[in-house]
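Each chain is listed here by its residues.
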Amino acid sequence: MEVQFQNNSLLVSHQNKTFQLHPIWLRERLPGEDFFDIDTNQRLYEPSSINLDLQISHAELLDALLKVEFNDGIKGTFNIDELLREMDSDKNKRGPLPERILWNSELQNFPEAQFEEEMVEKESMYHLLMNFYKYGFVIIKNVPTEDKYLLKFVSSIGPVKVTNFGEYFDVKSKPNPNDLAYKPIALPPHTDNPYRKPAAPGIQFLHCLKNEVSGGFSTLVDGFAVAEYLRNKHTEAFESLTTTNLRYQFQDKDIVLENWGELIELDKEGDYKQVRYSTRVDYVPPLEPEKLKNFYQARKLLSELYCSAEFELKFKLQPGDIMMFDNHRLLHGRTAYDANEGMRHLQGCYLEFDATDGKLRHLARKFQ
Ligand code: OGA
Ligand code: ZN
């Protein structure tokens, strides 16, 4: 890293890039209690009121401190590492959130965490969340199997996402259910609730209270790993799945929920944003036959991959396990079971990403 000040222009060279620091960009970061509130770290003034003709009249780097004087007489000291962090666009966006690790059924060691009391401020929660962001799931072991303990655990991380199903749901066989999940049939790989607005719930938790049946295995698939496989091997299918917009609908006697989106949604940079797959509730519009032909071909391939031994993990949840997973990245399901063999009872709820993202950024301040 190198800093140069010439002709009122401050140049910082870092990681093979040179940035010319704009005087206003620097000025609106100027630390000090005249500018930022000590308690909240929030700016105390309106930055658009800074004079547009502001110039840097002097700058020098002393160790990690950048001393700057502006042409209106105001001067101050910046921590150069903090400025550099903002100049690295990847770090600036991700902060302490780790890179994803895509996986398939060869994943050897499942990301696991041991439950602890008052876990949320501990280093074990930091590792739990790091694993969750890397793999899109984590199994938390030895959680008390009390009714609704799940809500206590999840709400220690952030506010539970309440839906028309309530704060939580019981997954067990019920007479006349409003969802197929409440019959003992197999649930093929799916994402939950793509019909919700503004988006499907970000994170799902399933807490196993009882699993006395010989079936009822849980399944998980890394939807982004399947998408990556399609991107590399089946360009046409990938194109169709990432551009065809589908409608998803849920209805019961009280409500009709609808939203739209692609089966594989990309962000502006072409990175994976969200997969949706809930074939009991999706409706493709009546597109031109050629487009639909491509789409149906692509969807068949996608369905085969989601159910394939190459991508699907299959395992049995034990009483006391909480499976926490990214509902925008992973698909989940279960095999059929015989309700006459005994009880199978899971409790589930949802959480949004701002809670996990915010906790991880907070814990990284303590443990990174
Ligand atoms: C669900 C679901 C999985 C299971 O309720 O949405 O996918 O293991 N349940 O019963
Ligand atoms: Zn589900």
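For the structure, check the block above.
Every chain's residues receive numbers from 1 upward, in the order its sequence appears when written. Written order determines the labels here, with chains lettered from A and ligands numbered from 1. Predicted model: local features are reported for residues with pLDDT of at least 70 only, side-chain atom pairs are reported and counted for 80 or more only, and whole-chain, interface and lining totals are derived from all residues. Heavy atoms from the whole structure form the basis of all side-chain values; hydrogens and water molecules are not counted.

Novice: Just to check I follow, could you spell out the coordination of the zinc ion (ligand 2) for this structure?
Specialist: Around a metal, the idealised angle for a tetrahedral arrangement of four donor atoms is 109.5 degrees; for an octahedral arrangement of six donor atoms it is 90 or 180 degrees. Note that water is not among the atoms used; donors are N, O and S atoms within 2.8 Å of the metal (3.2 Å for Na, K and Ca), so sites may look incomplete. At the metal site, the zinc ion (ligand 2) is ligated by His-190 (NE2), Asp-192 (OD) and His-332 (NE2), and these contacts range over 2.1 to 2.2 Å. Counting residues between consecutive donors of the zinc ion (ligand 2) along the chain gives the motif H-x1-D-x139-H. Pair noted here: His-190 is in strand β10 (residues 187–190) and His-332 is in strand β20 (residues 330–334), with a separation of 142 residues, a long-range link. Helix numbering and strand numbering both begin at the N terminus, where a helix is a DSSP run of H or I of at least 4 residues and a strand a DSSP run of E of at least 2.

Novice: Honestly, the sheet that holds strand β13 (residues 245–251) in this entry has me stumped. Any pointers?
Specialist: Hydrogen bonds between backbone atoms are what pair the strands of a sheet, whose relative direction is either parallel or antiparallel. For two strands to count as paired, DSSP must find a minimum of two bridges between them. The 3 strands lie next to each other as β14-β13-β17, forming an open sheet whose pairing is antiparallel. Because the sheet does not close on itself, it has two edges, and the strands there are β14 (256–262) and β17 (282–283). As judged from the 2 bridges shared by β13 and β17, these two strands associate in the antiparallel manner. The partner of Tyr-248 across the bridge, within β17, is Asp-282.

Novice: Please clarify how the pattern of salt bridges should be interpreted in this entry.
Specialist: For side chains of opposite charge, pairing can occur when their charged atoms come near one another. We define a salt bridge as a contact between a side-chain nitrogen of Lys or Arg and a carboxyl oxygen of Asp or Glu at a distance within 4 Å. In total, this model carries 15 salt bridges according to the counting rule given. For the salt bridge of Asp-222 with Arg-329, the shortest nitrogen-to-oxygen distance reads 2.8 Å. Separated by 107 residues along the polypeptide, Asp-222 in strand β12 (residues 218–222) and Arg-329 in the loop between β19 (322–326) and β20 bring together distant segments of the chain. Judged on exposure class, the residue Asp-222 and its partner Arg-329 are both buried. The salt bridge involving Glu-265 is made with Arg-276; its shortest N-O contact spans 2.7 Å. Remark: Arg-276 occurs in the loop between β16 (272–275) and β17 and Glu-265 occurs in strand β15 (residues 264–266); sequence separation between them is 11 residues. The pair formed by Glu-265 and Arg-276 is uniform in burial state, with each residue classed as buried. Connected through salt bridges with shared partners, the residues Glu-28, Arg-29 and Glu-86 form a single ionic network. Three labels apply to residues, based on accessible area from a 1.4 Å probe with only protein chains included: buried if under 20% of the type maximum, exposed if over 50%, partly exposed otherwise in between.

These results come straight from atomic positions and should not be treated as a statement about function.
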